[in-house]
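The residues making up each chain are set out below.
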Amino acid sequence: MKVIELNLTKKMDQPLAVALGYFDGLHLGHQAVIKEVVDYAKKHQIRSAVMTFSPNPNQFLNKLNSPHLLTPHQEKIRVLKELGVDELIILPFNEELAKMRATDFIQRYLIEPSIAHVSTGFDFRFGYRGEGEVTLLANYSKHFSLNVTPKCELNEEKIGATEIKSYLAEGNLEKVTQMLGRPYRLRGVVVSGKQRGRQIGFPTANLKLSEDYVIPKCGVYAVKVEVRGRHYVGMCNIGHNPTFNFNHQICIETYILDFDADIYGEELILDFCAYLRDEQRFSSIEKLMEQLAFDRQLVRSYFKLDLQ
Ligand SMILES: Cc1cc2nc3c(=O)[nH]c(=O)nc-3n(C[C@H](O)[C@H](O)[C@H](O)COP(=O)(O)O)c2cc1C
Ligand SMILES: Nc1ncnc2c1ncn2[C@@H]1O[C@H](COP(=O)(O)OP(=O)(O)OP(=O)(O)O)[C@@H](O)[C@H]1O
């Protein structure tokens, strides 16, 4: 997939079908919008693209330091590749774009580059203070064809980034996975901890996130783990390690089952599959160890591994 960061000002080399939106999460609603574009492009033998913005419009408009995203930049690229998108076009979201009238946006980013087909969702808004709605796009049928994806819902609730973020904050991974159509993923690098895990028989890989992700609720999770291109299962604790000494900074650490290797500095990918329990402060290290052994059995049975 080609990633283009630019102001589209002139005609594109080849006709494009584009999906428009920020697309944080790339959940099932976003996937419906994007799949339509990929299918349209295949059928008409043109290239498919996602047209998005950077930085996050919310971050720019509300002057947030860190946006905390479900799919930060690299993660978004990875999922878009899997969806078969040919190009990712990133428009710089700046003062000029924030103030651009909706009709000027259409002229500059859709008509001038000769975009052939546009796909959006039912509630897409664009232009100054979100004044432009999909009905406005429909007025330009002589320039581009338009597809509007109806609302995708899960049990009558809109599938959306805000909803997924609140389910992550509650530890409701079932809803998160259903809305995303895949497990929630964190990616980072293994850094050294205080080496206490090893001493209590549960060495852990401490994760330093590679991008600004939304962190799920503190607690213990059954996770799928990918490291050095191989797949494992594990149990991940997100929290403050209160039994030892309450750490103010949240730490994300994973005990990988049936694994013993030095992976400091390696990339680690965690897929969050099930919420097992809250983090607790135990009265002794022995009690914590007993609980960890119990958690390990739970993880084995969750993933239907032979109990050992
Ligand atoms: C699956 C799992 C669950 C854990 N649950 C708790 C917990 O409930 N309470 C707690 O204080 N620490 C918990 N821990 C954290 C251990 O205290 C931690 O592994 C130990 O402090 C080692 O930290 P280190 O890697 O910084 O050396 C858990 C760790 C793992 C891997
Ligand atoms: N549940 C959904 N069903 C159909 N289309 C959707 C759904 N959620 C978002 N879309 C569409 O996907 C495109 C990209 O969405 P974008 O991220 O810009 O905005 P959004 O509506 O705020 O998404 P979200 O609700 O996930 O935050 C838009 O065209 C939007 O209308």
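The structure displayed is predicted, hence computed values, not measured ones.

Calculation notes
By convention here, each chain's residues receive numbers from 1 onward along its written sequence. Ligands are numbered from 1 and chains lettered from A, in the order in which they are written. Local features are withheld for residues below a pLDDT of 70 in this predicted model, meaning they are given only at 70 or higher, and side-chain atom pairs are given and counted only at 80 or more; totals for whole chains, interfaces and linings count all residues. Hydrogens and water molecules were not included; the side-chain quantities draw on all heavy atoms of the structure. Two strands make a pair as long as DSSP finds a minimum of two bridges between them. Numbering of helices and strands runs from the N terminus; a helix is a DSSP stretch of H or I covering at least four residues, while a strand is a stretch of E covering at least two. Axis geometry follows a simple rule: fit a line to the C-alpha atoms, using only the stretch in contact for helices, then measure angles between N-to-C directions, giving values from 0 to 180 degrees. In what follows, a contact means two residues having at least one pair of non-hydrogen atoms within 4.5 Å. To be near a molecule or strand, a residue needs just one of its heavy atoms within 4 Å of it. Here a polar contact is recorded for every N or O atom pair within 3.5 Å, except that within protein the pair must consist of a potential hydrogen donor and a potential acceptor, and residues adjacent in sequence are included only if both atoms are side-chain atoms. In these tables, accessible area is a Shrake-Rupley quantity obtained with a 1.4 Å probe, and a residue counts as shielded only by the protein chains included in the view. A pocket, in this scheme, is an open set of points on a 1 Å grid over the protein atoms alone with protein on both sides within 12 Å along at least 5 of 7 lines, while a cavity is a set where a 1.4 Å probe fits but cannot get out; residues line either one if an atom lies within 4 Å of a point. Any molecule with more than half of its atoms within 2 Å of a cavity's or pocket's grid points is counted as sitting in it. Think of it as three bins: nonpolar holds Ala, Val, Leu, Ile, Met, Phe, Trp, Tyr, Cys and Pro, charged holds Asp, Glu, Lys and Arg, and polar takes everything else, Gly as well. UniProt positions are given in the numbering used here, feature names are shortened, and annotations may be inferred rather than shown by experiment. Boundary definitions for the domains trace back to an automatic or database domain assignment. Put simply, buried area is the surface a 1.4 Å probe can reach on two separate parts but cannot reach once they are joined, added for both. Any Lys or Arg side-chain nitrogen located within 4 Å of an Asp or Glu carboxyl oxygen qualifies as a salt bridge.

(A) Representation of the sheet that holds strand 14 (residues 267–277). Taken in spatial order, the 6 strands close into a barrel running 9-10-13-12-11-14, and their pairing is antiparallel. Across the sheet, the mean angle separating the axes of adjacent strands is 45° when strand polarity is ignored. With 6 bridges connecting them, strand 12 (residues 230–239) and strand 13 (residues 251–256) associate as antiparallel partners. Bridge pairing in strand 13 places C236 opposite T254. Sheet contacts for helix 8 (residues 173–180): strand 9 (184–191), strand 11 (219–227) and strand 14; angle to strand 14, the most-contacted strand, approximately 130°.

(B) Representation of the site of ligand 1 in the model. Neighbouring ligand 1 are 21 residues; Q195, R196, T243, R277 and Q280 lie closest to it. Here an oxygen atom of ligand 1 and a side-chain polar atom of T243 are 2.7 Å apart. Considering ligand 1 on its own, with 620 Å² of exposed area, one finds that the protein chains cover 98% of that surface. Using a 2 Å cut-off from the grid points, one finds that ligand 1 occupies the second largest pocket. Secondary-structure elements contributing two or more residues to the shell around ligand 1 are helix 9 (196–199), strand 12 and helix 10 (285–302). For the shell around ligand 1, the class distribution of residues is 7 nonpolar, 9 polar and 5 charged.

(C) Inspection of the UniProt feature "domain: Riboflavin kinase" (unreviewed entry) in the protein chain at higher detail. The sites that UniProt annotates as "domain: Riboflavin kinase" (unreviewed entry) are residues 179–304. Between the first and last C-alpha atoms of residues 179–304 the distance is 24 Å; the span itself is 19% helix and 39% strand.

(D) How the structure looks around the domain arrangement of the protein chain. According to the domain assignment, the protein chain consists of domain 1 (2–154) and domain 2 (184–302). For the domain 1 and domain 2 pair, buried surface summed over both sides reaches about 800 Å², with 48% attributable to carbon and sulfur atoms. Along the contact surface separating domain 1 from domain 2 lie 1 salt bridge. Linking R187 and E75 is a salt bridge whose minimum nitrogen-to-oxygen distance equals 3.0 Å.

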